[in-house]
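Listed below are the residues making up each chain.
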Amino acid sequence: MTGILQRNAPFLGKDMLQHWTDVLAVELALNAYDGPKPLRQIVELGTYNGRLSLILLLQAIERQAMFLTVDLRDHVDLDSPAACYLHLRAHYIQGDVFSRPIYDIVRHALRCRPVFLLCDNGNKSREVHTFVPFLTKGDLLGVHDWGSQVVEEDIAPFTHRPAPHIWKECEEIESTMRFWKVVA
Ligand SMILES: C[S@@+](CC[C@H](N)C(=O)[O-])C[C@H]1O[C@@H](n2cnc3c(N)ncnc32)[C@H](O)[C@@H]1O
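Residues numbered from 1 in each chain as written. Predicted model: local features only at pLDDT ≥ 70, side-chain atom pairs only at ≥ 80, totals over all residues.

Within the secondary structure, Tyr103 is located in helix α4 (residues 102-110). Leaving out residues up to four positions away in the same chain, Tyr103 has contacts with Val97 and Phe98. (Helix = DSSP H or I, 4+ residues; strand = E, 2+ residues; numbered from the N terminus. Contact = placed C-beta atoms within 7 Å.)

What follows is the structure in structure tokens.
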């Protein structure tokens, strides 16, 4: 697949750092989720300008889940009409996800299970190593930039727990999102 679908996707006038196929992958992953209970929380690590956050927030609203997004830098557009309408500000925390108290807030959010944790931060490998140990059975993990910024060895220590989730579909649409469901 080439061309427009392999560029950063514009949404509401600003580019996300995702392709539209990645947004589709999230939709498919959430639709295919078959946990014992519906997802109760979505956590995005790496807000950037907040455009994907708006999509994830809508996903959370529709699926009656909570939503939290975290970013170190203050470049999220919290004052756009859509962000105001959806109260994105109430779901956003600014700070370093590896430092306290942000780390504690994320850990606390991960207790609201089942949770969908999306690692899309500056150091995805470190995020996976830091937060995946707190996921438990029924939780869903997503990473962006699979194969470049996160690789098999990052997930390997946890292979007894997370099982690949909709990989065939991600490969088919050429998304670099990958998902795992924690099965044990
Ligand atoms: C790839 S971008 C996120 C893209 C966004 N999810 C999207 O789809 O448009 C990564 C973000 O992680 C943030 N970041 C990098 N290191 C961080 C850290 N230690 N704690 C929190 N955020 C961090 C950066 O400021 C940047 O906005």
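Time to look at the site of the ligand. Around the ligand, 17 residues are found, and the nearest of them are Gly46, Tyr48, Leu52, Leu72 and Gly122. Secondary-structure elements contributing two or more residues to the shell around the ligand are α2 (51-62) and β4 (66-71). (Near = placed C-beta within 6 Å.)

Right, let's talk about the pairing of strand β3 (residues 41-45) for a bit. β3 sits mainly inside the fold: four of its five residues count as buried. With five bridges connecting them, β3 and β4 associate as parallel partners. The residue bridging Leu45 from the neighbouring strand is Val70, located in β4. On the question of chirality, the crossover connecting β3 to the parallel β4 by way of α2 is right-handed. (Buried ≥ 20, exposed ≤ 12 C-beta atoms within 10 Å, placed from the backbone. Pairing = 2+ DSSP bridges. Right-handed = clockwise from strand over helix to strand, strands pointing away.)

Moving on to the nonpolar core. Counting residues in each nonpolar core, the largest one holds 47 residues, and the members touching the most others are Ile42, Val43, Phe116, Leu117 and Leu141. Among the secondary structure elements, those contributing two or more residues to this core are α1 (20-32), β3, α2, β4, β6 (115-119), α5 (124-131), β7 (140-143) and β9 (178-182). (Core = buried A, V, L, I, M, F, W, Y, C linked by C-beta atoms within 7 Å.)

A few words now on the sheet that holds strand β5 (residues 92-94). If you trace the seven strands from one edge of the open sheet to the other, you get β5-β4-β3-β6-β7-β9-β8, paired in mixed fashion. In this open sheet, the two edge strands, each paired with only one partner strand, are β5 and β8 (162-165). Averaged over all neighbouring strand pairs, the angle between strand axes comes to 20°, with direction disregarded. When β8 meets β9, the two strands line up antiparallel, connected through four bridges. (Axes fitted to C-alpha atoms, helices over the stretch in contact; angles between N-to-C directions.)

Attention shifts here to α5. Considered for burial, the residues of α5 that qualify are Lys124, Glu127, Val128 and Phe131. End-on, the buried residues of α5 take up no more than an arc of 100°, which puts them together on one face. At its buried positions, α5 is contacted by β3, α4, β6, β7 and α6 (152-155). (Arc of directions from axis to C-beta.)

With that settled, the discussion passes to the environment of Ser175. Considering the arrangement of structural elements, one finds Ser175 in the loop between α7 (167-172) and β9. A C-alpha to C-alpha distance of 15 Å links Ser175 and Val151, two positions 24 residues apart in sequence. Non-local contacts of Ser175, meaning those with residues more than four positions away in its chain, are made with His19, Thr21, Asp22, Leu24, Ala25 and Cys170.

Another point: the pairing of β4. Within β4, five of the six residues are buried, which leaves the element mostly enclosed by the surrounding structure. Here β4 pairs with β5 via three bridges, running parallel. Counterpart to Asp71 in the pairing with β5 is Gln94.

Of note, the bond from Arg100 into Pro101 is cis; its omega dihedral lies within 30 degrees of zero at 5°. Within the element layout of this structure, Pro101 appears in the loop between β5 and α4. With an omega of -5°, the peptide bond running from Arg113 to Pro114 counts as cis. Positive phi, close to 50°, is recorded for Ile166, a residue that is not glycine. Inspection of the secondary structure puts Ile166 in the loop between β8 and α7. On the neighbour-count criterion, Ile166 (22 C-beta atoms within 10 Å) is buried. Positive phi outside glycine occurs at Glu174, with the angle close to 60°. Looking at where Glu174 falls in the secondary structure, it is placed in the loop between α7 and β9.

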